[in-house]
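Structure at a glance
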Amino acid sequence: MPSFRAPVADSLFLLNDVFRMQDHGDLPGYAEASPDIVAAVLEEAAKLAEEQLQPLNLPGDQEGCRRNEDGSVTAPKGFKAAFDAYAGGGWIGLPFDPEYGGQGLPYALSVATAEYFIAANVAFSMYPGLTAGAVAALLTHGSDALKRLYAPKMLEGRWTGTMNLTEPHCGTDLGLLKSKAIRRADGSFAITGQKIFISAGEHDLAENIVHLVLARIEGAPAGVKGISLFLVPKFLPEASGEVGARNTVSCGSIEHKMGIHANSTCVMNFDGAVGWLVGEENRGLNAMFVMMNEARLMVGLQGLAVSEAAYQNALAYARERLQGRALTGAKNPDKPADPLLVHPDIRRTLLEIRTINEAGRALAYWAALQSDIAHRSADAKARETAADLLALLTPVIKGVLSDRGFDNCVKAQQVFGGHGYIVEWGMEQFVRDARIAMIYEGANGIQALDLVGRKLPANGGRAIMALLGEIGGYIKAKDSDAALKPLLGPLSASLGHLQQATLWLMQNAATTPDNAGAAANDYMHLMGLVVMGYLWARMAEAAFADADPAHAGLVAGKKACATHYVQRVLPETALRLARIASGAANVVDLPAELF
């Protein structure tokens, strides 16, 4: 059976020593997040993840969700009790406004706890995770009446939430959607259509499910400019606010899929279901993007979290499994073989996984801090700068961390050899579960195109120039630090590669758009490599400043991982630049019939 231990010490190191939450006391919620409160919250989250969620992961995958004859769905055994414990602990509402039942604590702290829950049981975490995303969209764009009726119950966990975008004939190209909305006399709408791939679309964990649904009002313009967003509950609320009559929305079937079996991925049918407009008419995508962007950050976190769980199990196996002798001579002469961990290739594999995991964690936390600044700061310029950086990093986090997370799960599975292919060891489930993160919430190719086509040129390139300036400024400011110098040289070279790639796109993409399309994936990964290299330098700096003898292991580990990253991972930026600069001709000139 696989196991998981929440990386509480590393989370505290990042929040307290690297990003210094305590320096942001001017942000609402941060003054309440003292170091002792943060530590207590993380410990409680770890306890829930390790003791209640992780033991359900493998059996939940094997049992899956069951659709009953009446269209209801039963989640795997133990999920209802676990969800009640999760909701009862206030975890859904951790970063939300207390006015609606939230706790008002930093989003950065919520992201740290979310990693633990996802790593312990990614399929389970999607039920409350989608609920939080739906609440975020509702609080940003919903009417006061909708917010006050729905948000408190959703944050309490009595009601859950979903997002309904995809239809059988349209995924990314939402302008093709056919779901329609017809006005009703009382100001509500009748929603008709079919949605597919709806995570947590139907289940028995909560008394009501609140669907956020994209549809087109009759007479609205064609394409994405005519899409509106609607709130469609499974049960219509009574005047008292409690659940009443069943709405005409139902689960047609559960998708049979590669992984996340314990999450009910549904085909949802809306047959004149009563719904209410969220936000402005014909601006549904604008409203839904609040949920989509939060979901993209969470999907990137899924890639990291499942990779962390896979790494922990691969490391434990490498320490215990006796296989062969060390190349330099027997390390366990009194035993028939040495542990796998003595072999350089096993060590290389594990270090590659660990360095990406720890850098990915830092990237997720850094982005979460930008989100808090963008949404909570009283300083307009600080909000603008943070929002710019968050927008630039969102496709990178989603695309790079899910790509790398899946790769890491495969590498961790490889450490097990043949046992990695056997179900009870759990490694094949990590691989299956991690794979979806590369696909949903906008496939990673779309994330790369979003980065290159929208985020780079936005506001005259303001965000990318600020990012390049921040990293370059850091390298210059720390140039005299002897301990950091071995890291800063490679980082400077890779930053130069990112600058060259950015300039190449500026010069070649506008006149030949295919150059942007062909370069997008490599550019996204190039940026991710450089940003994670920058964060490794900051982590190393914080570790070197820690003189506590009790933390000697942490300091040594950070130094070794930072060195491995700049020596073995960061050089990939040269490869990415070479691919980008080769242009699109070889990609697009081959006639279709020759593929």
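Reading the values: rules and limits
Residues numbered from 1 in each chain as written. Predicted model: local features only at pLDDT ≥ 70, side-chain atom pairs only at ≥ 80, totals over all residues. Heavy atoms only, no water. Helix = DSSP H or I, 4+ residues; strand = E, 2+ residues; numbered from the N terminus. Buried < 20%, exposed > 50% of the residue type's maximum accessible area, 1.4 Å probe, protein only. Axes fitted to C-alpha atoms, helices over the stretch in contact; angles between N-to-C directions. Parallel < 35°, antiparallel > 145°, perpendicular 65-115°, else oblique. Left-handed = near helix turned anticlockwise from the far one by under 90°. Contact = heavy atoms within 4.5 Å. Nonpolar A, V, L, I, M, F, W, Y, C, P; charged D, E, K, R; others polar. 1 Å grid on protein atoms, 1.4 Å probe; cavity = no way out; pocket = protein on both sides within 12 Å on 5 of 7 lines; lining within 4 Å. Points joined across faces, edges and corners; volume = space filled by probe spheres on them. Core = buried A, V, L, I, M, F, W, Y, C linked by side-chain atoms within 4.5 Å. Salt bridge = Lys/Arg side-chain N within 4 Å of Asp/Glu carboxyl O.

**Details of the environment of asparagine 293**
- Counting through the fold element by element, asparagine 293 comes out in helix H8 (residues 284-320).
- Overall, the relative accessible area of 30% leaves asparagine 293 in the partly exposed class.
- When the C-alpha atoms of asparagine 293 and leucine 390 are compared, they prove to be 9.8 Å apart, with 97 residues separating the residues in sequence.

**Topic: the packing of helix H1 (residues 8-18) against helix H2 (residues 35-53)**
- Here H1 crosses H2 at 150 degrees, and the two axes come no closer than 10 Å. It follows that H1 is roughly antiparallel to H2 by the angle criterion. For the pair H1 and H2, the sense of crossing is right-handed. Across the interface between the two elements, Val8, Ser11, Leu12 and Leu15 of H1 pack against Val38, Ala39, Leu42, Glu43 and Ala46 of H2.
- A class-by-class count of the residues in the contact of H1 with H2 yields 7 nonpolar, 1 polar and 1 charged.

**What to know about the packing of H1 against helix H9 (residues 344-376)**
- The N-to-C vectors of H1 and H9 enclose an angle of 45 degrees; their axes lie 11 Å apart at closest approach. Classed by the angle they form, the pair H1 and H9 counts as oblique. Crossing hand, H1 versus H9: right-handed. In this structure, H1 uses Asp10, Ser11, Leu14 and Leu15 to contact H9, whose residues at the interface are Glu358, Arg361, Ala362 and Tyr365.

**Thoughts on the layout of surface pockets**
- Estimates place the volume of the second largest pocket at around 560 Å³.
- Elements represented by at least two residues in the lining of the second largest pocket include exactly H1, H8, H9 and helix H16 (552-569).
- A total of 6 residues in the lining of the second largest pocket trace back to one element, the largest contributor, which is H9.

**Notes on the nonpolar core**
- Among the nonpolar cores identified, the biggest contains 206 residues, and Trp366, Tyr523 and Met527 are the most heavily contacted of them.
- The leading source of residues in this core is H8, at 20 residues.
- Residues within four places of tryptophan 366 in sequence aside, it is in contact with Phe19, Leu389, Leu393, Leu467, Glu470, Val531, Tyr534, Leu535 and Arg538.

**Observations concerning the environment of asparagine 286**
- Following the sequence through the fold, asparagine 286 ends up in helix H8.
- Separated by 238 residues in sequence, asparagine 286 and methionine 524 place their C-alpha atoms 24 Å apart.

**Topic: the pattern of salt bridges**
- If you walk through the whole model with that rule in mind, you get 36 salt bridges.
- A salt bridge links arginine 361 to glutamate 115; its shortest N-O distance comes to 2.8 Å. With arginine 361 in helix H9 and glutamate 115 in helix H5 (residues 107-120), the pair connects residues that are 246 residues apart, well separated along the chain. The burial state of arginine 361 is the same as that of glutamate 115; both residues are buried.
- Among the charged side chains, a network of salt bridges with common partners joins Asp10, Glu115, Glu308, Arg354, Glu358, Arg361 and Lys558.

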